[in-house]
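Survey of secondary and tertiary structure
If you want the building blocks of each chain, they are given just below.
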Amino acid sequence: MTSPLAGPAAPFGRVLTAMVTPFTPDGAQDLATAQKVATYLVDAGNDGLVVSGTTGESPTTTIAEDGRLLAAVLEAVGDRATVVAGVGTNDTRHSVELAEQARRTGAHGLLVVTPYYSRPPQRGIVAHVRQVARAGGDVPIMLYDIPGRTGVQLSEDTYREFTADPTVVAMKDAVGDLERGAWIMSETGLAVYSGDDALNLGWLAIGAAGVVSVVGHAAAADYAAMVRAVDAGDLPAARAINTRLVPAVRALMTTSQGAMTAKVALQLLGVLEHATVRSPLPPATDDEIAAIRAGLVAAHLLEA
């Protein structure tokens, strides 16, 4: 299934949100609310969504749940937004099964994180991604480099190896090294997406294709405007948006885990009725909720 926004410069769109997975108060998957959230996010300015990523609490969802969520989101918004399925785990067989399921379901792309906890050597990572790519058929892949969670970082030689694979077309960067990102863009031709909301403007300024955001749950329209401003060469306008969003970025990205904070933000915005997360994530505390509310208000994303 081809993304409605596919293109070589930005193969997955420009503003993507790593979408939460809604649960009922007793912790069951809530597909009707997932479709409501997906529709809200696309209407708000996202031209892409990532489902079953870390913010979607993928370590606590089953293969069957991931498949049902992907199908529900595709049904809701798949004709007007890129829907990327998170299929990366630290078990290659598990990732292969997820990739096969995502391909059958019609995912527009696959997000493949570096295997976490196991910390394989680079040749193990290459073999892992290639097996997942084969399982995904011709579905394009976005690599996800986030050593703070995985314990291992993709090397420059590994990025060079992936240039030979036509399905590996992009990477989501949560390393935070802009110079390294510029090298990846210039030497490999991969599209780079910011995976750190605090650095979105910096990444866009050096030529990133777009952003994969947590704060996009509340600020998609602003990030879309930032992308347009950078494209137009209007750095003052882009910088003004970035500055205004700083309180929201700090609130959602430093108060607690993004899956927790994004659900609280959606609840405060009236999109979710409750912010249920699955253990080991605990419910947000009153202080955390107050901090998120204050950040959204200060960023002009929520009325006081």
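Residues numbered from 1 in each chain as written. Predicted model: local features only at pLDDT ≥ 70, side-chain atom pairs only at ≥ 80, totals over all residues. Heavy atoms only, no water.

This part is about the overall build of the chain. Regarding its fold elements, the chain presents 12 helices and eight strands. The globule rule puts the C-alpha radius of gyration for 304 residues at 19 Å, and the 18 Å found for the chain is close to it. Its C-alpha atoms put the chain at 50 × 45 × 35 Å along the principal axes. Within the chain, counting contacts between residues at least 6 apart in sequence, those at least 24 apart form 72% of the total. Accessible surface computed for the chain: about 12,300 Å², of which carbon and sulfur atoms make up 52%. (Helix = DSSP H or I, 4+ residues; strand = E, 2+ residues; numbered from the N terminus. Rg over C-alpha atoms; globule rule 2.2 N^0.38 Å. Contact = heavy atoms within 4.5 Å. Areas by Shrake-Rupley, 256 points an atom, 1.4 Å probe, with all protein chains shown as cover.)

With that out of the way, let us pick up the environment of Leu69. Structurally, Leu69 is set in helix H2 (residues 63-77). In this structure, the C-alpha to C-alpha distance between Leu69 and Leu269, residues 200 residues apart in sequence, is 22 Å. Here Leu69 is in contact with Met19, Thr21, Gln29, Leu31, Ala34, Val51 and Ser52, once residues within four sequence places are set aside.

Moving on, we come to the pattern of salt bridges. One pass over the full model with this rule turns up nine salt bridges. Taking the shortest distance from any N to any O, the salt bridge between Arg180 and Asp173 comes out at 3.6 Å. When the shortest N-O distance is used, the salt bridge between Asp222 and Arg244 registers 2.3 Å. Here Asp222, found in helix H9 (residues 216-231), pairs with Arg244, found in helix H10 (residues 235-254); they are 22 residues apart in sequence, far enough to count as distant. Asp222 gets classed as buried once you look at its relative accessible area, which sits at 14%. (Salt bridge = Lys/Arg side-chain N within 4 Å of Asp/Glu carboxyl O. Buried < 20%, exposed > 50% of the residue type's maximum accessible area, 1.4 Å probe, protein only.)

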